[in-house]
Amino acid sequence: MAIEIKSIKGYYYLDAWVMSHIIHQATISFCQRYLNKDNDPRGRLYDQMVMAARSAPANIAEGSSRRQTSRETEMRLTDVARATLSELLSDFMAFSLTYNVEPWPRDSENYRAFQSIQLDQPHYGPDIEHDAWLHVQSQRKRFAPWVESDNMVVCVNSIKQLINRNIIMLQKMMLRQLDDFKHNGGFTEGLSKERLAAQTLHSVEQGAPQCPLCGKPMIKRTIKRGSKAGKQFWGCSDYPNCQGTRQAR
């Protein structure tokens, strides 16, 4: 199959991307309301938390966009998004320790009620950018009474829950990406297959011999190392599965 490079915005459909935007906006709102000149006199914590929150959707988008050309880069950027969310979670934990904001127990009514709120599936038409914006905004409203609450305990706990949920989403994404890479390879592997197919076709057209072991077409190769470097030989097109060779005349 030929390699195709398409312009896509598939990340608009990812729950992890939608959730990360909700967290980003919730973090901005939190910092504006709860960080001030007394507890953050130089604004460093504000910048750190907002940038960490921004990094998640940005890296999810970049990773998804790189999927066609580098599955390895896609996984690495997904992991960066996961790591920055962990950093953000640590900042909220530090804040909750400073201001004695006790985490909700898992069996508490607030915890269960907030956990029951789930994202809707996106349904986009031809104007995907406009529809994605509307979708993110509609999902923000589902969590807004909690993450934008004037009650600090409710606000901090609900944002921490969203961050934990988003981290789990990204962990599952990475597992799917790894499985896909194992079965289908990446762009580099695709290029190698394309090049091998072209070489095999050219060899067949030029009357290349058949492999003495498996009967498949052979490709003329050049020895790159050792005392025989520069000399040519026929190697099986199914290498490394088949080790068949012939001397080139």
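Student: Report on the side chain of Asp91, specifying residues and quantitative values.
Tutor: Take Asp91: it is sitting in helix α3 (residues 71-98). Discounting residues that sit within four places of it in the chain, Asp91 has contacts with Leu45, Gln48 and Met49.

Student: How would you sum up unusual backbone geometry? Please name residues and give values.
Tutor: Cis geometry marks the peptide bond from Tyr239 to Pro240; its omega dihedral reads 10°. If you trace the backbone, Pro240 turns up in the loop between β2 (232-236) and β3 (245-247). Not every positive phi belongs to a glycine, and Asn100 is a case in point at roughly 55°. Residue Asn100 is classed as exposed on the basis of its relative accessible area of 69%.

Student: Please provide a residue-by-residue account of the environment of Ser90, values included.
Tutor: Note that Ser90 resides in helix α3. We classify Ser90 as partly exposed; its relative accessible area is 45%. The sequence separation of Ser90 and Lys160 amounts to 70 residues, and the corresponding C-alpha distance is 9.3 Å.

Student: So what about the packing of aromatic side chains? Which residues, and what values?
Tutor: Counted according to the given criterion, the structure contains 11 aromatic pairs. Here the aromatic residues Phe30, Tyr34, Phe92, Phe95 and Tyr99 are joined through ring pairs into a cluster of three or more.

Student: So what's going on with the nonpolar core? Which residues, and what values?
Tutor: Phe30, Phe143 and Ile163 are the most contacted members of the largest nonpolar core, which totals 48 residues. When residues of this core are traced back to their parent elements, those giving at least two are α1 (15-34), α2 (44-65), α3, α4 (109-115), α5 (128-147) and α6 (152-184). Once residues within four sequence positions are removed from consideration, Phe143 is found in contact with Met19, Ile22, Phe114, Ile117, Leu119, Leu162 and Arg165. The next biggest cluster of nonpolar side chains, apart from the first, holds 6 residues, and it includes Ala208, Cys211, Cys236 and Cys242.

Student: Lay out the pairing of β2 in plain terms, naming residues and giving numbers.
Tutor: Two faces, one strand: in a regular strand the side chains alternate between the faces of the sheet. By the bridge criterion, 5 bridges tie strand β1 (residues 218-222) to β2 in an arrangement that is antiparallel. Opposite Thr222, over in β2, you have Gln232 as the bridge partner.

Student: Give a detailed account of the environment of Leu213, specifying residues and quantitative values.
Tutor: Checked against the element boundaries, Leu213 lands in the loop between α7 (187-205) and β1. Along the primary structure Leu213 and Cys236 are separated by 23 residues, whereas in three dimensions their C-alpha atoms are 8.7 Å apart.

Student: Can you explain the pattern of salt bridges? Please cite residues and give values.
Tutor: Within the structure shown, the criterion is met by 6 salt bridges. With a closest N to O distance of 3.7 Å, Arg33 and Asp150 form a salt bridge. Linking Arg33 in helix α1 with Asp150 in the loop between α5 and α6, this pair joins segments that are 117 residues apart in sequence. Overall, Arg33 belongs to the partly exposed group, its relative accessible area being 31%. Here Lys216 makes a salt bridge to Asp238, at a shortest N to O gap of 3.3 Å. Of the two residues, Lys216 sits in the loop between α7 and β1 while Asp238 sits in the loop between β2 and β3, which places them 22 residues apart along the sequence.

Student: Hey, could you go over the packing of α1 against α3 for me, with residue numbers and the actual values?
Tutor: At a minimum axis separation of 13 Å, α1 and α3 run at an interaxial angle of 30°. Classified by the angle between their axes, α1 and α3 sit roughly parallel to one another. Where α1 crosses over α3, the handedness of that crossing is left-handed. Counting all contacts with α1, which are made through Ile23, Thr27, Phe30 and Tyr34, the residues of α3 involved are Leu85, Leu88, Phe92 and Phe95.

Cut-offs applied
Residues numbered from 1 in each chain as written. Predicted model: local features only at pLDDT ≥ 70, side-chain atom pairs only at ≥ 80, totals over all residues. Heavy atoms only, no water. Helix = DSSP H or I, 4+ residues; strand = E, 2+ residues; numbered from the N terminus. Contact = heavy atoms within 4.5 Å. Buried < 20%, exposed > 50% of the residue type's maximum accessible area, 1.4 Å probe, protein only. Phe/Tyr/Trp six-rings, centres within 6.5 Å; stacked < 30°, edge-to-face > 60°. Core = buried A, V, L, I, M, F, W, Y, C linked by side-chain atoms within 4.5 Å. Pairing = 2+ DSSP bridges. Salt bridge = Lys/Arg side-chain N within 4 Å of Asp/Glu carboxyl O. Axes fitted to C-alpha atoms, helices over the stretch in contact; angles between N-to-C directions. Parallel < 35°, antiparallel > 145°, perpendicular 65-115°, else oblique. Left-handed = near helix turned anticlockwise from the far one by under 90°.

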